[in-house]
Amino acid sequence: MKEDKIKDLEKLLSENKIPEAQEIIRGIIAEKLTNDDRGEALVNLASVYLDIMNSIDEQYAEALKSAVSDLKNLDIKISEETDTEKLKKVRESLQ
C-alpha cells in the first residue's frame, strides 16, 4: 500500500502536479508509521527533494549560460560600434 503511494507521489511530481503530491505527503505523514516505514519515507522524500533541486540547478545553469552568451554577443556588438566610431573620427581628422 505504501509503495503504491510512493509510486503515485513520484508520478505526480514528474507530472508537476504539486498540490496532489502534497496531499499524498500529508497522508503519509499523518499515518502511524513504524520506524522502518518512517525511515523509508524520509529517504524517499529526501530523494525527491534532491531530484527537484538538481532539476532547478540545471535550469538555473542553462539560464546563466544563455545570459553569459547574450552578454558576450552584446559586448562584441558594442566593441564593433566603438571601433567603427573611432575609425570615423580618424577619417574625419585626416581630411
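Residues numbered from 1 in each chain as written. Predicted model: local features only at pLDDT ≥ 70, side-chain atom pairs only at ≥ 80, totals over all residues. Heavy atoms only, no water.

### Observations concerning the confidence of the model for the chain
No. 1: Summing up the model confidence of the chain, the mean pLDDT is 89 and the portion of residues at 70 or higher is 98%.
No. 2: Confidence, read as mean pLDDT per element, is least for helix α1 (residues 2-14) in the chain (85) and greatest for helix α3 (residues 35-94) (91). (pLDDT = per-residue confidence, 0-100. Helix = DSSP H or I, 4+ residues; strand = E, 2+ residues; numbered from the N terminus.)

### Observations regarding unusual backbone geometry
No. 1: Even without being a glycine, Asn-16 presents a positive backbone phi close to 60 degrees.
No. 2: Relative accessible area serves as the criterion here: at 60%, Asn-16 is assigned to the exposed category. (Buried < 20%, exposed > 50% of the residue type's maximum accessible area, 1.4 Å probe, protein only.)

### A word on the nonpolar core
No. 1: If you look at the biggest cluster of nonpolar residues, it comprises six residues: Leu-9, Leu-12, Ala-21, Ile-24, Ile-28 and Ala-41.
No. 2: Of all the secondary structure elements, the ones that give two or more residues to this core are α1 and α2 (18-30).
No. 3: Per-element tally for this core: the top contributor is α2, with three residues.
No. 4: With sequence-adjacent residues up to four places away left out, Ala-21 is seen in contact with Leu-9, Leu-12 and Leu-13. (Core = buried A, V, L, I, M, F, W, Y, C linked by side-chain atoms within 4.5 Å. Contact = heavy atoms within 4.5 Å.)

### Some points on α2
One full turn of an α-helix is made of 3.6 residues, so residues set three or four places apart face in the same direction.
No. 1: Taking 1.5 Å as the rise per residue, α2 with 13 residues should run 18 Å; its terminal C-alpha atoms sit 18 Å apart, in good agreement.
No. 2: Along α2, the residues classified as buried are Ala-21, Ile-24 and Ile-28. Down the axis of α2, the buried side of the element spans an arc of 60 degrees, and every buried residue falls inside it. Residues of α2 that are exposed and angled more than 90 degrees away from the buried face: Pro-19, Glu-23, Ile-29 and Ala-30. (Expected span 1.5 Å × (residues − 1). Arc of directions from axis to C-beta.)

### A few points about the environment of Ala-21
No. 1: With respect to the secondary-structure elements, Ala-21 resides in helix α2.
No. 2: A sequence separation of 30 residues divides Ala-21 from Asp-51, and the C-alpha atoms of the two residues are 15 Å apart.

### Looking at the pattern of salt bridges
No. 1: According to the stated counting rule, one finds four salt bridges in the structure shown.
No. 2: For the salt bridge of Glu-15 with Lys-11, the shortest nitrogen-to-oxygen distance reads 3.3 Å.
No. 3: In this structure Glu-15 comes out as partly exposed when scored by relative accessible area, which is 35%.
No. 4: Residue Glu-15 is joined to Lys-17 by a salt bridge in which the shortest nitrogen-to-oxygen separation is 3.3 Å.
No. 5: For Lys-17, a relative accessible area of 37% corresponds to the partly exposed category.
No. 6: A network of salt bridges, in which partner residues are shared, links Lys-11, Glu-15 and Lys-17. (Salt bridge = Lys/Arg side-chain N within 4 Å of Asp/Glu carboxyl O.)

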